[in-house]
Amino acid sequence: MVKILVIAASDGKNKELAELWCSVGSEKGHTMSMVDLCAANLPLYTPALDKEGRPEGVSELEAIFEQADAWIICAPEYNGAMPPTLNNSIAWLSTHGDDFRGLFNGRAVALSTHSGGGGNSVISVMRMQFSYLGCNVVGRTLISNKNKEANPESMAFILEQLDKMS
Ligand SMILES: Cc1cc2nc3c(=O)[nH]c(=O)nc-3n(C[C@H](O)[C@H](O)[C@H](O)COP(=O)(O)O)c2cc1C
């Protein structure tokens, strides 16, 4: 059974979705943990700030990401793309050491969203970015919104895939 980190990119419905992932994953015997990117409260990445060194919180976040075999992302769609919390965290986590893909290469990643509408755009954008960073992104995804609850069968299937890939 794998160690799975659930990454909540917003502290509303997507955090609730992250909590649901944790309880479903635990029931299936996985070691689940969650991180809330809003609570991490990282400053906005700029090249000038980067030159001053790593801000407080980035190394801690990196250690949390590093210790997991696999990640499940819960992110709302913002203007057809990912929210700034996620994009900003990825920017900081990709600017340490010689290889920007260091933390990401070969990592099993599953994508999920609770969005205002369909949520397909944020899933596509996340797939593109995590694949670019070298992650192995699970084909099946979880999309929910106010009219569509998270499908337990999809969650079970995705957890099985992460187990096989890790
Ligand atoms: C700045 C902004 C842009 C948004 N753009 C979209 C969008 O493009 N597509 C969509 O389906 N919902 C969009 N929404 C709605 C959010 O995806 C939706 O409210 C989501 O459930 C918020 O997640 P949370 O409760 O975890 O914060 C947007 C919300 C905000 C604040």
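A brief structural summary. (Residues numbered from 1 in each chain as written. Predicted model: local features only at pLDDT ≥ 70, side-chain atom pairs only at ≥ 80, totals over all residues.)

### Remarks on the overall build of the chain
1) Next: Each helix and strand in the chain was counted, giving seven helices and six strands.
2) Next: In sequence order, the chain lays out its α and β elements as β-α-β-α-α-α-β-α-β-α-β-β-α.
3) Next: What you see for the chain is a C-alpha radius of gyration of 15 Å, in line with the 15 Å of a compact globule of 166 residues.
4) Next: Expressed along its principal axes, the backbone C-alpha trace of the chain runs to roughly 45 × 35 × 25 Å. (Helix = DSSP H or I, 4+ residues; strand = E, 2+ residues; numbered from the N terminus. Rg over C-alpha atoms; globule rule 2.2 N^0.38 Å.)

### Looking at the site of the ligand
1) Next: What surrounds the ligand is a group of 14 residues, the closest being S10, G12, P76, G116 and G117.
2) Next: The residue inventory of the shell around the ligand, partitioned by class, reads two nonpolar, ten polar and two charged. (Near = placed C-beta within 6 Å. Nonpolar A, V, L, I, M, F, W, Y, C, P; charged D, E, K, R; others polar.)

### A closer look at the pairing of strand β3 (residues 70–74)
Taken residue by residue, a regular strand's side chains alternate between the two faces of the sheet.
1) Next: Burial of β3 is extensive: five of the five residues sit out of reach of the surface.
2) Next: Here β3 shows no split at all, with A70, I72 and C74 on one side and W71 and I73 on the other all buried.
3) Next: Note that β3 and strand β4 (residues 108–114) share five bridges and pair parallel. The residue of β4 that forms the bridge with I72 is A110.
4) Next: This β-α-β element, β3 to helix α5 (residues 84–93) to β4, shows right-handed connectivity. (Buried ≥ 20, exposed ≤ 12 C-beta atoms within 10 Å, placed from the backbone. Pairing = 2+ DSSP bridges. Right-handed = clockwise from strand over helix to strand, strands pointing away.)

### Describing helix α1 (residues 13–27)
1) Next: In this model, α1 (15 residues) spans 21 Å end to end at C-alpha, consistent with the 21 Å of a helix rising 1.5 Å per residue.
2) Next: For α1, the full list of buried residues reads N14, K15, L17, A18, L20, W21 and G25.
3) Next: Against β1 (3–8), β2 (31–36), β3, β4, β6 (142–144) and α7 (152–165) lie the buried residues of α1.
4) Next: Looking one or two residues past α1, G29 carries a phi angle of roughly 95°, positive in sign. (Expected span 1.5 Å × (residues − 1). Contact = placed C-beta atoms within 7 Å.)

### Section: the environment of T31
1) Next: Structurally, T31 can be placed in strand β2.
2) Next: T31 gets classed as partly exposed once you count the C-beta atoms within 10 Å, which come to 13.
3) Next: Setting aside residues no more than four positions away along its own chain, T31 makes contact with M1, K3 and I4.

### Details of the nonpolar core
1) Next: V6, I7, I72, I73, C74 and V109 are the most contacted members of the largest nonpolar core, which totals 43 residues.
2) Next: For I7, the contacting residues outside a window of four places in its chain are V35, L37, W71, I72, I73 and C74. (Core = buried A, V, L, I, M, F, W, Y, C linked by C-beta atoms within 7 Å.)

### Focus: the packing of helix α4 (residues 58–66) against α5
1) Next: In contact at an axis separation of 10 Å, α4 and α5 are set at 95° when each is read in the N-to-C sense. Viewed along their axes, α4 and α5 adopt a mutual orientation that is roughly perpendicular. Residues V58, L61, E62 and F65 of α4 lie in contact with α5, whose contacting residues are S89, W92 and L93.
2) Next: Looking at the contact of α4 with α5 residue by residue, the class counts come to five nonpolar, one polar and one charged. (Axes fitted to C-alpha atoms, helices over the stretch in contact; angles between N-to-C directions. Parallel < 35°, antiparallel > 145°, perpendicular 65-115°, else oblique.)

### Some details on the pairing of β4
1) Next: The element β4 is largely enclosed, with a buried count of seven among its seven residues.
2) Next: Judged by which residues are buried, β4 turns out to be covered on both faces: A108, A110, S112 and H114 on one side and V109, L111 and T113 on the other are all buried.
3) Next: Both β4 and β6 contribute to a ladder of three bridges, which runs parallel. Within β6, the residue paired with H114 across the bridge is S144.

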